Amino acid sequence: MSAIAPSPHLLEVKLLDARFGSLWPLPDYATGASAALDLRAALDAPLDLAPGAAALVPSGLAIHLRDPGLCALVLPRSGLGHKHGIVLGNGTGLIDADYQGPLLISAWNRGSAAFRIEPGDRIAQLLLLPIVRASLQVVDTFEDSARGSGGFGHTGLR
């Protein structure tokens, strides 16, 4: 299996924390086929996140996508979510192409035990995605589909 070729897209990054490039590496893809860049907790001291608590954790970075055909999503790390209950307080963070401010990670402990986030810990990930923008067309009815208006549980419980 071969690695995915490098992208022609450039992501402008401002380093807001001097520890990047010396103490911590720049965000990178963990493997040749990784979809997202790891984001670190740019904390000055450890943060103990109590069960049910949330905190805005600085990433130490600001980005500018520039391309209106792209967006970025801040996503939880699956291992932290599954093993420790550390997910994002807002579910998913959406970064628009014209945003240039600092990336903050809304960390939420949905687990039953306190969790310590150390400075430099990989706490989330950043995924770039293409954008499809729609024009709205108001209609009175829809053309029939196989599913129709069937909602939650419509296709069965399993």
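Up top you'll find the structure we're talking about.
Residues numbered from 1 in each chain as written. Predicted model: local features only at pLDDT ≥ 70, side-chain atom pairs only at ≥ 80, totals over all residues. Heavy atoms only, no water.

A. Layout of the layout of surface pockets. One number sums up the size of the second largest pocket: a volume of about 150 Å³. Along its surface, the second largest pocket is lined by Pro-68, Leu-70, Cys-71, Leu-94, Asp-96, Ala-97, Asp-98, Ile-131 and Arg-133. Among the residues forming the lining of the second largest pocket, the class breakdown is six nonpolar, no polar and three charged. (1 Å grid on protein atoms, 1.4 Å probe; cavity = no way out; pocket = protein on both sides within 12 Å on 5 of 7 lines; lining within 4 Å. Points joined across faces, edges and corners; volume = space filled by probe spheres on them. Nonpolar A, V, L, I, M, F, W, Y, C, P; charged D, E, K, R; others polar.)

B. Here's a closer look at the sheet that holds strand S5 (residues 70-76). Here four strands make up an open sheet; going across it, the order is S2-S10-S5-S7 and the pairing antiparallel. Of all the strands in the sheet, the pair left with one neighbour each is strand S2 (37-40) and strand S7 (93-95). For this sheet, the mean inter-axis angle between neighbouring strands, taken without regard to orientation, is 30°. (Pairing = 2+ DSSP bridges. Helix = DSSP H or I, 4+ residues; strand = E, 2+ residues; numbered from the N terminus. Axes fitted to C-alpha atoms, helices over the stretch in contact; angles between N-to-C directions.)

C. A look at a nonpolar patch on the surface. A surface patch of nonpolar side chains, amounting to about 260 Å² of accessible area, comprises Val-13, Leu-15 and Leu-26. Within the secondary structure layout, Val-13 lies in strand S1 (residues 12-15). (Patch = residues over 30% accessible without salt bridge, like charges linked within 9 Å, V, L, I, M, F, W, Y side chains within 5 Å. Areas by Shrake-Rupley, 256 points an atom, 1.4 Å probe, with all protein chains shown as cover. Salt bridge = Lys/Arg side-chain N within 4 Å of Asp/Glu carboxyl O.)

D. Local environment of the pattern of salt bridges. Summed over all chains, the structure comprises six salt bridges. Between Arg-19 and Asp-17 there is a salt bridge, with its nearest N and O atoms 2.6 Å apart. Pair check on accessibility: Arg-19 and Asp-17 agree, each one buried. When the shortest N-O distance is used, the salt bridge between Asp-48 and Arg-116 registers 2.8 Å. Taken together, the residues span a long stretch of sequence, with Asp-48 in strand S3 (residues 47-49) and Arg-116 in strand S9 (residues 115-117) at a distance of 68 residues. (Buried < 20%, exposed > 50% of the residue type's maximum accessible area, 1.4 Å probe, protein only.)

E. Focus on empty space enclosed by the protein. Throughout the structure, instances matching the rule amount to one cavity of 30 Å³ or more. In this structure, the largest cavity occupies an estimated 30 Å³ of space. What lines the largest cavity is simply Pro-76, Leu-80, Ile-86, Val-87, Leu-88, Ile-105, Ala-107 and Ile-123. If you list the elements that add at least two residues to the lining of the largest cavity, you get strand S6 (86-88) and strand S8 (102-109). Looking at the lining of the largest cavity element by element, the count peaks at three residues for S6.

F. Examining the nonpolar core more closely. The biggest cluster of nonpolar side chains holds 28 residues, and the ones touching the most others in it are Leu-39, Val-74, Ile-105, Ile-117, Ile-123 and Leu-126. Those elements that provide at least two residues to this core are S2, strand S4 (54-64), S5, S6, S8, S9 and strand S10 (122-130). Considering each element in turn, this core owes the most residues, four residues, to S4. Among all residues touching Leu-39, those that are not within four sequence positions of it are Leu-61, Val-74, Leu-103, Ile-105, Asp-121, Arg-122, Ile-123, Ala-124, Gln-125 and Leu-126. (Core = buried A, V, L, I, M, F, W, Y, C linked by side-chain atoms within 4.5 Å. Contact = heavy atoms within 4.5 Å.)

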